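In case you want the letters, here they are:
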Amino acid sequence: MTGARTDCAPRTHRGDEVRLWICANDDLGPGMATALAGHWLDEHELATADRFVFERDRRQYLVAHVMVRRLLSLETGVPEALVELRRSDRGRPSLRPPDGGLRCGHGELDFNLSHAHGYNAIVVARGRRVGVDVERFDRVGGRALEGIAESFTPGERRQLAGLPAGGVRDRAVLRLWTLKEAYSKARGLGLGLPFDSFGFVLSGSDRVLAFEPPADDPAGRWSFLALEPEPDLLLSVAVEAGAEPPRAVHLHGGFPWRPAALRDSFTPGHPAPLLTPGTLSVPGTAAPAAARPGPVRPGPAGTPPHHTEAPRSAA
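Conventions we followed
Residues numbered from 1 in each chain as written. Predicted model: local features only at pLDDT ≥ 70, side-chain atom pairs only at ≥ 80, totals over all residues. Heavy atoms only, no water. Phe/Tyr/Trp six-rings, centres within 6.5 Å; stacked < 30°, edge-to-face > 60°. Buried < 20%, exposed > 50% of the residue type's maximum accessible area, 1.4 Å probe, protein only. Lys NZ or Arg CZ within 6 Å of the ring centre and 35° of its normal. Helix = DSSP H or I, 4+ residues; strand = E, 2+ residues; numbered from the N terminus. Pairing = 2+ DSSP bridges. Arc of directions from axis to C-beta. Contact = heavy atoms within 4.5 Å. Core = buried A, V, L, I, M, F, W, Y, C linked by side-chain atoms within 4.5 Å. Axes fitted to C-alpha atoms, helices over the stretch in contact; angles between N-to-C directions. 1 Å grid on protein atoms, 1.4 Å probe; cavity = no way out; pocket = protein on both sides within 12 Å on 5 of 7 lines; lining within 4 Å. Points joined across faces, edges and corners; volume = space filled by probe spheres on them. Nonpolar A, V, L, I, M, F, W, Y, C, P; charged D, E, K, R; others polar.

Engineer: Sorry if this is basic, but what is going on with the packing of aromatic side chains here?
Structural biologist: Two measures describe an aromatic ring pair: the distance that separates the ring centres and the angle between the ring planes. Counted by the stated rule, this structure contains 12 aromatic pairs. Measuring from centroid to centroid gives 6.2 Å for F198 and F200, while their planes differ by 75°, and the two rings are edge-to-face. Comparing F198 with F200 shows no difference in burial state: the two are buried. Pairwise contacts between aromatic rings join W177, Y183, F195, F198, F200, F211, W222 and F224 into one cluster. One cation-aromatic arrangement involves R56 over F54; the distance from NZ or CZ to the ring centre is 4.7 Å. Just above the ring of F198 sits the side chain of K180; from NZ or CZ to the centre is 4.5 Å.

Below, the structure is given as structure tokens:
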């Protein structure tokens, strides 16, 4: 069994477009997830699935990874079971191009996966690095969020201290966390990148107003998108600028049995304006106000999301 079909996505994947899929575990029945995993996943993935103690965690892993293979098949024309993945020293998977090249599309393909409490998010792009992180706001307690905030830059912690205690501050903490995760995953560093070495300034609507990159990425040419595709489901995407800024991020919903299921489209805009090094990451410096980017290098700010149809909820 190699999959429902190996057709390519209906349009050639443009280099300035990014595809984002969000899928709940309930979109794929337990029996179907197990059956597809048995046919599609490689030995490494099957061994990983078998190590989970709780069935809910094993199911989460299976749905996420059969979804990865289905999407990569749609993007490349390679049957799901024949998709070959390679993994970096830090465990980040990437596609190993088949002999003779990919059947569909042009340019090197990059993807990233995140899953949390019954939801899975995958972002796919060509010719640029991408990262995604998804978290359930209603599954993270205030005490845990206080601990998370301790890993942020001094400037970010000062921004948070100026927000009302409770839901507003907690949401800002989790949004910053998802942005940091998305960026570090796009870089292929994961938690190996200290979260107090780079930071963000947010507007009240979760839009990234400015970005202080870590010292090893001084150019910092990244666009960021902060969404809430379902109530209390916070999702952040980091997109490398590449040869040209990304033109659109297309959000799809459900398990990708077919290439369609487009829910929404967003304009991530130009790369985020860069803060002067040390603005957020050096203790004792004045943090910029949360409603404006503060000292930035010249450059256009990212444009707010543009909706082609009304989303369920988008930040």
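Engineer: I tried to follow the pairing of strand β6 (residues 130–136) on my own but got confused; where do I start?
Structural biologist: Two faces make up the sheet, and in a regular strand the side chains alternate between them. Along β6, 7 of the 7 residues are buried, which leaves the element largely enclosed by surrounding structure. Alternating residues of β6 divide into V130, V132, V134 and R136 and G131, D133 and E135, and every residue in both groups is buried. When β6 meets strand β10 (residues 233–240), the two strands line up antiparallel, connected through 7 bridges. Among the inter-strand pairings, G131 is bridged to a residue of β10, identified as A238.

Engineer: Help me out: how do you make sense of helix α4 (residues 142–149) in this one?
Structural biologist: Along an α-helix, residues three or four positions apart point the same way, because every turn accommodates 3.6 residues. The complete set of buried residues in α4 reads L145, I148 and A149. Buried positions in α4, seen along its axis, are confined to an arc of 95° and lie on one side of it. Of the exposed residues in α4, those oriented more than 90 degrees away from the buried face are R143 and E146. Contact partners of the buried residues in α4: α5 (154–161) and α6 (167–186).

Engineer: Quick question: what am I supposed to make of the nonpolar core here?
Structural biologist: Here is a general trend for soluble globular proteins: nonpolar side chains tend to be buried in one another's company. Judged by nonpolar contacts, the single largest core of 30 residues is most densely connected at V66, M67, L72, F111, I122 and F255. Counting residues per element, the ones that place at least two in this core are β1 (17–24), α1 (30–40), α3 (55–76), β4 (109–116) and β5 (119–126). For this core, the element with the highest residue contribution is α3, accounting for 10 residues. If near-sequence neighbours (up to four positions away) are discounted, I122 is found in contact with R19, L20, W21, A64, M67, V68, L71, N112 and L113. Among the nonpolar cores identified, the runner-up in size contains 28 residues, and F152, Y183, F200 and W222 belong to it.

Engineer: Just to check I follow, could you spell out the sheet that holds β1 for this structure?
Structural biologist: Hydrogen bonding along the main chain pairs the strands of a sheet, whether they run parallel or antiparallel. Taken in spatial order, the 5 strands make up an open sheet running β4-β5-β1-β11-β12, and their pairing is mixed. The open sheet has two free edges, formed respectively by β4 and β12 (262–266), since each of these has just one partner strand. Pairs of neighbouring strands in the sheet enclose a mean axial angle of 15°, with direction left out of account. Sheet topology places β1 next to β5; 6 bridges connect them, and they run antiparallel. Within β5, the residue paired with A24 across the bridge is Y119.

Engineer: Can you walk me through the sheet that holds β10 in this structure?
Structural biologist: The antiparallel open sheet is built from 3 strands, whose spatial order is β6-β10-β9. Unpaired on one side and paired on the other, β6 and β9 (222–230) mark the two borders of the sheet. Neighbouring strand axes in the sheet, compared pairwise and without regard to direction, differ in orientation by 15° on average. Packing of α6 onto the sheet brings it into contact with β6, β9 and β10, and relative to β6 it is tilted by some 150°.

Engineer: Please clarify how the layout of surface pockets should be interpreted in this entry.
Structural biologist: In this approach, a probe sized like a water molecule rolls over the atoms, and the result shows the empty space that is left. Reported here for the largest pocket is a volume of approximately 700 Å³. Surrounding the largest pocket, 28 residues form its lining, G91, R92, P93, L113 and K185 being those nearest its centre. Those elements that place two or more of their residues in the lining of the largest pocket are α2 (43–50), α3, β2 (85–87), β4, β6 and α6. Ranked by the residues each element gives to the lining of the largest pocket, the list is headed by β4, at 6 residues. Looking at the lining of the largest pocket residue by residue, the classes come out as 10 nonpolar, 10 polar and 8 charged.

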